[in-house]
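Secondary and tertiary structure notes
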Amino acid sequence: MPIYKAPLRDMRFVLYELMDGDGLAALPGLETFDRTLTDAILDEAARLCETVLFPLNRSGDEEGCRFENGTVATPAGFAEAYRLFRNGGWTSLACDPAYGGQGAPATVATLFQEMMCSANLSFGTYPGLSHGAYVALHGYASDDIKARYLPKLVDGTWSGTMCLTEPHCGTDLGLIRTSAEPREDGSYALFGTKIFISAGEHDLTENIVHLVLARLPGAPKGTAGISLFVVPKVLPAEDGRPGLRNAVACGSLEHKMGIRASATCLMNFDGATGWLVGEPHKGMRAMFAMMNAERLAVGVQGLGLGEVSYQNAVAYARDRLQGRSLAGAKAPDRPADPILVHPDVRRMLLTARAHVEGCRALALWAARVLDDARHHPDPAERQAADDFVQLVTPVVKALLTDLGFETTNLGVQVFGGHGYIREHGQEQHVRDARIAQIYEGTNGIQALDLVGRKMPAHAGRYLRRFFHPVAGYIEAKSADPELAAFVGPLAKAFGRLQQATATIARRGLSRPEEAGAAASEYLHLFGLTALAYLWARMAEVSLPHVGEADPDGFYRAKVATARFYMERILPRTGALAAQIMAGGRTMMDFEDAAF
Ligand SMILES: Cc1cc2nc3c(=O)[nH]c(=O)nc-3n(C[C@H](O)[C@H](O)[C@H](O)COP(=O)(O)OP(=O)(O)OC[C@H]3O[C@@H](n4cnc5c(N)ncnc54)[C@H](O)[C@@H]3O)c2cc1C
């Protein structure tokens, strides 16, 4: 039977000992989020995820969603779980109190998201998409639309979607064809077909609020001519309650590799009534607000799935008896040793552990700075924090989902053939993790965003928000002999990153394809260096506790994992730097006809 226990000990370590979680309550608007409240939320979140959502993960995957007469039935147990989820106030956790939300910090919401993704990613897509819709409406809709829709999205009686993709356009949204024709009453009639719409139709809520990208008549070509509309499944009556059915319907469900309990829908808009959100032709701006929030959340999906896969792999490696330790039998009274003794199995487990704990620290770093960007009283601090979040958003999305996929794959490998069959649940984690590298902008597009937009932004101002603290840390700690095993490798990787940054900036000026060819490796070089910085800091925080003050060995294991990261994972930056320096010639000169 698959297992999942929320990693609260490590979460609290990162939150309080690394990211100044106690400082959250000093920010205006977050005063109530002291340690007592935060810990109570995390404990309750863990209980919900472990006992309500996780038990439905495997059955949800096996049953999948069913399309029947234009409606979608979620798997058995999902409707009841959603009712508990909603009644528990979880849909409102990170929402504005002005609309009934609890106003929780992004840090707390991120930890909850991680637990939800570990326990049941498919389930998490429904409230996840709703929150994205909430973010776009909250940021850009008129007061009237906000008053009508936000309280329902916040209390979870209604859910939301984001409708961007069409059959002929995914990455290149400038190709969108869905049209919106103005009506005399100020509303619009929307015509078109959207595909791959997560939570487009389901039986969890009484209404579904679609946020739809479409073109107004005579709109400029490309992304400069796209507007955003709110299109409810059921039109709200004057008193706010659901009224007439709108002309938007699910045409079919996709059958897919993973997240099979998440409804992925083809949606037809046949003159559906909608209302403009924000200004005409400025829809991409609002959609980006939604996508940025979603991109951090999708990164956390990779982290959550890596965590649950790792937990199961460790339990199996302790239990499964095969072969003898190369150093002599470790369990001579048993027919064989547990596979945990084998160097290759330990390599896989420690790689998974280092990925998961490092990625948790990176996700929380981004979330903690996001809280500063939203709540800090000093506008200059808010700006600096926002710069940092802009910079690391593509890194969090792509690195955490790439490493999450690698981790779930290792989780299968530790189980051998038993990982490949369904019984133990490990293969589901691989299938579920795969989509996170694709949606919300493929990881290749995240890398282009980092190199093409974030790197040169404001003459390198965003980059400095990362480079300066890391350089300052290396300078301050490099003479400390206790930290040499951590700061030395960090400095080496950071040097590679600086050199790669300068090279890409220089080459990209004359040949933009050079920057494109280096982008994915650059994102990983950046991400692994960021993890090295966090691992060095985690080792620094942990070292004083090793020994008597560490009865369960938590800090000892943290330092040992930091050493493993520096010695066995960080050297990947050497290969990445070499790939970047080699340039894109071999790719771009290859003849098209020869592929
Ligand atoms: C399960 C699932 C759920 C989804 N949920 C939603 C949803 O709720 N709402 C929604 O609107 N969409 C959703 N999507 C769609 C998803 O966001 C798109 O699939 C994704 O953005 C990629 O678009 P595409 O599939 O058309 O691939 P394409 O854009 O055709 O890309 C194909 C390949 O080409 C690469 N590529 C494309 N353009 C460039 C470029 N300029 N430079 C470099 N490489 C490039 C891509 O990285 C990719 O590797 C979902 C998809 C799936 C499978």
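Placed above this text is the structure.
Because the structure is a prediction, the values reported are computed rather than measured.

Helices and strands together make up the secondary structure of the chain, namely 18 helices and 11 strands. Relative to the compact-globule value of 25 Å for 595 residues, the chain shows a C-alpha radius of gyration of 24 Å, a close match. Across its three principal directions, the C-alpha atoms of the chain cover 80 × 60 × 60 Å. The buried share of the chain, reckoned over its 595 residues, is 57%. Put simply, of all contacts in the chain between residues at least 6 apart along the chain, 73% involve residues at least 24 apart.

Let's shift gears to the side chain of glutamine 428. Its location among the elements puts glutamine 428 in helix α11 (residues 426-434). By relative accessible area, glutamine 428 is classed as buried at 4%. Residues contacting glutamine 428, with those up to four places away along its chain left out, are Asn57, Arg58 and Asp61.

Let us now look at the site of the ligand. Surrounding the ligand, one finds 18 residues, the nearest of these being Met162, Thr165, Thr171, Phe196 and Thr442. Between an oxygen atom of the ligand and a side-chain N or O atom of threonine 171, the distance comes to 2.5 Å. One of the backbone nitrogen or oxygen atoms of phenylalanine 196 is found 2.8 Å away from a nitrogen atom of the ligand. A total of 970 Å² of accessible area belongs to the ligand in isolation, and the protein chains cover 61% of it. Those elements giving two or more residues to the shell around the ligand turn out to be β3 (158-163), β5 (188-198) and α12 (443-454). With three residues, β5 is the single largest residue contributor to the shell around the ligand. A breakdown of the residues in the shell around the ligand according to their chemical character gives 10 nonpolar, six polar and two charged.

For any pair of aromatic rings, geometry is given as the distance between the ring centres together with the angle between the planes. A complete count under the given rule lists 23 aromatic pairs for this structure. One residue, arginine 9, lies across the ring of phenylalanine 554, its end atom 4.0 Å from the ring centre. Lying over the aromatic face of tyrosine 16, arginine 35 brings its terminal NZ or CZ to 3.9 Å of the ring centre.

One finds Met115, Phe466, Tyr522, Phe526 and Tyr565 to be the most contacted residues of the largest nonpolar core, which totals 153 residues. The dominant element in this core, judged by the number of residues it contributes, is helix α15 (residues 512-542), at 17 residues. When neighbours within four sequence positions are excluded, tyrosine 522 is seen to be in contact with Leu450, Val451, Met455, Leu463, Phe467, Leu497, Ala500, Thr501, Ile504 and Ile580. Judged by nonpolar contacts, the second largest core, of 31 residues, contains Leu129, Tyr134, Ala141 and Met290.

Conventions we followed
- Residues numbered from 1 in each chain as written.
- Predicted model: local features only at pLDDT ≥ 70, side-chain atom pairs only at ≥ 80, totals over all residues.
- Heavy atoms only, no water.
- Helix = DSSP H or I, 4+ residues; strand = E, 2+ residues; numbered from the N terminus.
- Rg over C-alpha atoms; globule rule 2.2 N^0.38 Å.
- Buried < 20%, exposed > 50% of the residue type's maximum accessible area, 1.4 Å probe, protein only.
- Contact = heavy atoms within 4.5 Å.
- Near = heavy atom within 4 Å.
- Polar contact = N/O pair within 3.5 Å; in protein donor to acceptor, adjacent residues only side chain to side chain.
- Areas by Shrake-Rupley, 256 points an atom, 1.4 Å probe, with all protein chains shown as cover.
- Nonpolar A, V, L, I, M, F, W, Y, C, P; charged D, E, K, R; others polar.
- Phe/Tyr/Trp six-rings, centres within 6.5 Å; stacked < 30°, edge-to-face > 60°.
- Lys NZ or Arg CZ within 6 Å of the ring centre and 35° of its normal.
- Core = buried A, V, L, I, M, F, W, Y, C linked by side-chain atoms within 4.5 Å.

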